[in-house]
Amino acid sequence: MCIGHGAMGGKPNGFVQEDKPKKHIQRVSQKEFEKGDPDFIDERISTYTEKKKETFFSSLFD
């Protein structure tokens, strides 16, 4: 029979792990989940602008 390395247990070193408060995220209602938040304001700023593709000759003559 084999005995694993951690089977002996060892002596306690006095370290006591603190109990951390649980992180709680409030659940949303099913209606709000399906339809979205009516008070939501989208503050994202889109900086993407599509560049006009220039040909070699049009860049020469401009």
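Here the structure is a predicted model, which is why all the values come from computation and not from measurement.

J.: Is there a simple way to think about the overall build of the protein in this case?
T.: Along the backbone of the protein there are two helices and zero strands. Taken across its 62 residues, the protein has 0% of its residues classed as buried. When the accessible area of the protein is evaluated, it comes to approximately 8,000 Å², of which 56% is carbon and sulfur surface.

J.: When you look at a nonpolar patch on the surface in this model, what are you seeing that I'm missing?
T.: A cluster of nonpolar side chains, contributed by Phe 56, Phe 57, Leu 60 and Phe 61, occupies part of the molecular surface with about 540 Å² of accessible area. Within the secondary structure, Phe 56 sits in helix α2 (residues 56-61).

J.: When you look at the pattern of salt bridges in this model, what are you seeing that I'm missing?
T.: Should the charged atoms of two oppositely charged side chains come close, the side chains can pair. Using the criterion set out here, one finds one salt bridge in the structure. Here Arg 44 makes a salt bridge to Asp 42, at a shortest N to O gap of 2.9 Å. The exposure class assigned to Asp 42 is partly exposed, which follows from its relative accessible area of 42%.

What counts, and where the lines are drawn
Residues numbered from 1 in each chain as written. Predicted model: local features only at pLDDT ≥ 70, side-chain atom pairs only at ≥ 80, totals over all residues. Heavy atoms only, no water. Helix = DSSP H or I, 4+ residues; strand = E, 2+ residues; numbered from the N terminus. Buried < 20%, exposed > 50% of the residue type's maximum accessible area, 1.4 Å probe, protein only. Areas by Shrake-Rupley, 256 points an atom, 1.4 Å probe, with all protein chains shown as cover. Patch = residues over 30% accessible without salt bridge, like charges linked within 9 Å, V, L, I, M, F, W, Y side chains within 5 Å. Salt bridge = Lys/Arg side-chain N within 4 Å of Asp/Glu carboxyl O.

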